[in-house]
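Working through the structure, step by step
In case you want the letters, here they are:
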Amino acid sequence: MTEKIIIADDHPVFRDGMCRLMSSALPDAQLLEAGSMDEVLELTEKHGEPDLFLLDLLFPGMEPRETLAKLRQRFPRSSIAIVSMLDDDRTINRIMDEGADAFIVKSIPAQEMIDAVLAVRSGQYVVAKPSIVSMTDAVPT
């Protein structure tokens, strides 16, 4: 069965770059692109539950607390990785506490981005930001 990944960001150039990175790391994955949360939900209606959501923290329709809770409830087997330009510990901790499996800062090198996504897909919790990458095994629920 083909792995499905939804890449959601309102910046087309960043979205394209993420698709290229994920395509190189996971060549058999089905990559679906969205520019808003409405488009994310449309993709889930059309293609079913994804294996991974790669979501920008700040883009149209994204209300982190509410969105993460709804995605967790509706897609309990999907991994959720937040990708953001924000890199402060307070924001990262809040987002992780609200249900994300990963927080990946956009300014990290491409290979670290790939490594972080692969770690999330293997069941680890990940915080990846410049000069620090922390990965811990997920605790079964």
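First things first, this report covers the structure right here in the doc.

Basis of the calculations
- Residues numbered from 1 in each chain as written.
- Predicted model: local features only at pLDDT ≥ 70, side-chain atom pairs only at ≥ 80, totals over all residues.
- Heavy atoms only, no water.
- Helix = DSSP H or I, 4+ residues; strand = E, 2+ residues; numbered from the N terminus.
- Rg over C-alpha atoms; globule rule 2.2 N^0.38 Å.
- Buried < 20%, exposed > 50% of the residue type's maximum accessible area, 1.4 Å probe, protein only.
- Salt bridge = Lys/Arg side-chain N within 4 Å of Asp/Glu carboxyl O.
- Arc of directions from axis to C-beta.
- Contact = heavy atoms within 4.5 Å.
- Axes fitted to C-alpha atoms, helices over the stretch in contact; angles between N-to-C directions.
- Parallel < 35°, antiparallel > 145°, perpendicular 65-115°, else oblique.
- Nonpolar A, V, L, I, M, F, W, Y, C, P; charged D, E, K, R; others polar.
- Polar contact = N/O pair within 3.5 Å; in protein donor to acceptor, adjacent residues only side chain to side chain.
- Pairing = 2+ DSSP bridges.
- Right-handed = clockwise from strand over helix to strand, strands pointing away.
- Expected span 1.5 Å × (residues − 1).

For the chain, the helix and strand inventory stands at five helices and seven strands. Sequence-ordered secondary structure for the chain, helices as α and strands as β, is β-α-β-α-β-α-β-α-β-α-β-β. Relative to a compact globule of 141 residues, whose C-alpha radius of gyration would be 14 Å, the chain shows 14 Å and is just as compact. Taken along its principal axes, the extent of the C-alpha atoms in the chain is 40 × 30 × 30 Å. For the chain, with 141 residues in total, the buried portion stands at 46%.

Turning our eyes to something else, we now look at the pattern of salt bridges. All told, the structure shown has 12 salt bridges when counted by the stated rule. For Arg-20, the salt bridge is made with Asp-16, and the minimal N-O distance between the two is 2.8 Å. Of this pair, Arg-20 and Asp-16 both sit in helix H1 (residues 12-25), four residues apart, roughly one helical turn. For Arg-20, a relative accessible area of 60% translates into the label exposed. Residue Asp-101 is joined to Arg-72 by a salt bridge in which the shortest nitrogen-to-oxygen separation is 2.6 Å.

What follows concerns helix H4 (residues 89-97). Of all the positions in H4, only Thr-91, Ile-92, Ile-95 and Met-96 are classed as buried. Projected down its long axis, H4 carries its buried residues within an arc of 125°, all on one side. Exposed side of H4, more than 90 degrees from the buried face: Arg-90 and Asp-97 are the residues found there. Check the buried side of H4 and you find it contacts helix H3 (64-74), strand E4 (79-84), strand E5 (102-105) and strand E6 (124-129). Once H4 finishes, Gly-99 follows within two positions and takes phi at roughly 120°, a positive value.

Below, the discussion takes up the packing of helix H2 (residues 37-47) against H3. Geometrically, a packed helix pair is captured by the angle between its two axes and the distance between the axes. With their axes 13 Å apart at the nearest point, H2 and H3 run at an angle of 5° to one another. When the axis of H2 is compared with that of H3, the two are roughly parallel. Residues Met-37, Leu-41, Thr-44 and Glu-45 of H2 form the contact with H3, whose participating residues are Thr-67, Leu-71 and Arg-74. Class assignment of the residues belonging to the contact of H2 with H3 gives a composition of three nonpolar, two polar and two charged.

It is worth spelling out the environment of Glu-39 at this point. Secondary-structure assignment places Glu-39 in helix H2. Given a relative accessible area of 36%, Glu-39 falls into the partly exposed group. Taking the C-alpha atoms as reference points, Glu-39 and Pro-109, 70 residues apart in sequence, are found 28 Å from one another. Here the side chain of Glu-39 touches Gly-35 through a polar contact of 2.6 Å, landing on its backbone nitrogen.

With five of five residues buried, strand E3 (residues 52-56) is to be regarded as a mostly interior element. Pairing geometry for E3 and E4, over five bridges, is parallel. Residue pairing across strands places Asp-56 opposite Val-83, the latter belonging to E4. At this point the chain moves from E3, through H3, to the parallel E4, and the crossover so formed is right-handed.

Quick look at helix H5 (residues 110-121) now. Counted at 1.5 Å a residue, the expected span for H5 with its 12 residues is 16 Å, and the 17 Å between its end C-alpha atoms agrees. Listed as buried for H5 are Met-113, Ile-114, Ala-116, Val-117, Ala-119 and Val-120.

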